[in-house]
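What the coordinates show
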Amino acid sequence: MRKKRKNNNILKFLTIIIILIILGMLYVRTLKSPVDKNDTSKIEVQIDDGTSSIKIAKILKSNNLIKNDKYFLYYAKTNNLSNLKSGVYEFSKSQSLEEILKSLNTGGRPIGEKVTIKEGYSIKQIAELLEEKGLVNKEFFIELTENKANFSDKFTFLQDESIQSLEGFMYPETYFIPKGTSETEIISMFLSQTQKIFDENSVLSNINDINPNIQNLNNLITLASIVEKESADNSERDIIAGIFINRLANSIPLQSCVTVEYVLGIHKQRLSYEDTQVQSPYNTYINAGLPPTPICTPTISSINAVKNYKRTDYLFFVAKQDGSHIFSRTYDEHLKATKDIYGEY
């Protein structure tokens with residue numbers, strides 16, 4: 001009888017242990033599961049450089065992204081996910097503990113204000129954008145860019161004697177700029193990206209072999225900047241570059257509308273005759289050859305379009321309503337194409 005009771009007690013004890021183990025396993029499973037699998041709204045979390053794993057766990061817990069900060073640390077250690085990186089992350093409560101940890105081990109986006117320099121932006125436009133975001137003093141920023149000597153010791157491409165200023169060399173890209181970064185540091189950030197693009201694409205090689213009218217880096221980037229503004233269609237850029245080179249070869253003014261717009265500081269659907277007569281060395285309606293400097297920073301696509309321009313006998317082009325172009329060999333053909341598109345010249 002006593003033996004039977006003893007066996008029953010052991011059985012009860014084992015049953016309790018098994019139940020506790022099962023409950024423990026279920027509890028652990030809940031700790032790994034999302035806080036709310038139906039809530040996909042994004043929560044931005046910034047992890048600064050040098051933040052400890054313990055503090056990261058507390059940040060996530062305070063944002064209700066994980067259920068238990070201690071288990072977070074345990075799981076990270078036992079699953080080789082302890083290499084937590086700084087950055088800005090967008091998490092949601094629908095993510096599991098493992099998903100969050102894997103993101104933290106991969107790394108977030110850089111810390112700082114997101115700034116996108118669009119293709120075809122001039123230094124003035126870049127300065128205005130940065131000032132709007134509270135990152136620079138526009139006038140001081142522009143003043144720094146007017147003297148390449150401020151940066152030429154660090155960036156080899158600026159040592160080319162043909163370059164007059166930094167116009168044309170602030171590469172269009174998305175940057176993340178921490179508050180308190182100086183104007184000089186921001187400019188260096190942009191120039192570093194330009195140097196990277198130039199190095200990766202051998203931009204500085206064989207410039208003298210392009211064409212007799214393109215003899216230095218300033219010539220190359222200046223023409224590429226005009227091509228950048230004239231066409232958003234990559235498939236036409238080498239043709240347009242070739243047309244401008246044909247005009248240079250025949251001592252015909254480029255007559256590029258975008259150079260006049262650079263002088264006016266505004267974009268116009270159609271230039272007036274008065275616009276084309278504005279006095280400026282950048283006005284390619286009244287001045288032969290290339291402008292003194294680029295009018296914007298061109299993308300690598302436009303730079304390559306100049307380096308590998310298409311050889312044709314076209315001398316004119318006009319933009320259609322959809323942004324593509326009609327190319328012409330003679331002025332009469334150009335006038336007809338213009339009239340067909342706009343109804344008058």
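Below you will find a few notes about this structure.

**With respect to the packing of helix α3 (residues 69-78) against helix α4 (residues 97-106)**
- Direction vectors running N to C along α3 and α4 enclose 65 degrees, while the axes themselves pass 11 Å from each other. In the packing of α3 onto α4, the handedness of the crossing is right-handed. For the pair α3 and α4, contact is made by Tyr71, Phe72, Tyr75 and Ala76 and by Leu97, Glu98, Leu101 and Leu104, respectively.

**Quick notes on the packing of aromatic side chains**
- For the coordinates displayed, the defined rule picks out twelve aromatic pairs.
- An angle of 50 degrees between the planes, with centres 6.3 Å apart, marks the rings of phenylalanine 155 and phenylalanine 157 as tilted. Accessibility assignment for this pair places phenylalanine 155 and phenylalanine 157 in one class, buried.
- Seen in terms of ring centroids, phenylalanine 316 and tyrosine 331 are 5.8 Å apart; in terms of plane orientation they differ by 50 degrees. Their pairing is tilted. Pair noted here: phenylalanine 316 is in strand β5 (residues 316-319) and tyrosine 331 is in helix α13 (residues 331-342), with a separation of 15 residues, a long-range link.
- For phenylalanine 316, a relative accessible area of 14% translates into the label buried.
- Relative accessible area serves as the criterion here: at 41%, tyrosine 331 is assigned to the partly exposed category.
- Aromatic ring contacts, followed pair by pair, group Phe155, Phe157, Phe169 and Phe198 into a single cluster.

**A few points about the pairing of strand β2 (residues 87-91)**
- Most of β2 is tucked away, with four of its five residues classed as buried.
- Bridge analysis of strand β1 (residues 43-47) against β2 gives five bridges, and the strand direction is antiparallel. What sits directly across from isoleucine 47, in β2, is glycine 87.

**Considerations on the side chain of threonine 259**
- Residue position: threonine 259 is located in helix α10 (residues 257-264).
- Only 3.3 Å separates the side chain of threonine 259 from the backbone oxygen of tyrosine 282, close enough to count as a polar contact.
- Look past the residues within four positions of threonine 259 in its chain and what remains in contact with it is Ile226, Tyr282, Asn283, Thr284, Pro291 and Ile295.

**Quick word on the pattern of salt bridges**
- Per the stated rule, a full pass over the model turns up eight salt bridges.
- Its salt-bridge partner being arginine 109, residue glutamate 44 comes within 3.5 Å of it at the nearest N-O pair. Of this pair, glutamate 44 sits in strand β1 while arginine 109 sits in the loop between α4 and β3 (113-116); the two residues are 65 residues apart in sequence, bridging distant segments of the chain.
- One salt bridge in this structure joins lysine 102 and glutamate 98, with 3.2 Å as the shortest N-O distance.

Thresholds applied
Going along each chain's sequence as written, the residues are numbered from 1 onward. Where local features are concerned, this predicted model is filtered to residues with pLDDT of at least 70; where side-chain atom pairs are given and counted, the filter is 80 or more; whole-chain, interface and lining totals use all residues. Here the side-chain values reflect all heavy atoms present in the structure, with hydrogen atoms and water set aside. Only C-alpha atoms enter the line fits that serve as axes; for helices the fit covers just the stretch in contact. Angles between N-to-C directions range over 0 to 180 degrees. Secondary structure elements are defined from DSSP: runs of H or I of at least 4 residues count as helices, runs of E of at least 2 residues count as strands, and each element is numbered from the N terminus. Handedness of a crossing is defined here by the sense of rotation of the near helix relative to the far one, left-handed for an anticlockwise turn of less than a right angle and right-handed for a clockwise turn. Contacts are residue-level and defined by heavy atoms, with any inter-residue pair within 4.5 Å sufficient. Ring geometry is summarised as follows: Phe, Tyr and Trp rings, the Trp one being its six-membered ring, pair when their centres sit within 6.5 Å, and such pairs are stacked at plane angles under 30 degrees, edge-to-face over 60 and tilted between the two. Here the term buried applies to any residue with accessible area under 20% of the maximum for its type, exposed to any over 50%, and partly exposed to those in between, with areas from a 1.4 Å probe on protein chains only. DSSP calls a pair of strands paired once it identifies at least 2 bridges connecting them. In protein, a polar contact means a hydrogen-donor-capable atom and an acceptor-capable atom, both N or O and within 3.5 Å, with residues adjacent in sequence counting only if both atoms are side-chain atoms; elsewhere, any N or O pair within 3.5 Å suffices. What makes a salt bridge here is a side-chain nitrogen of Lys or Arg within 4 Å of a carboxyl oxygen of Asp or Glu, nothing more.

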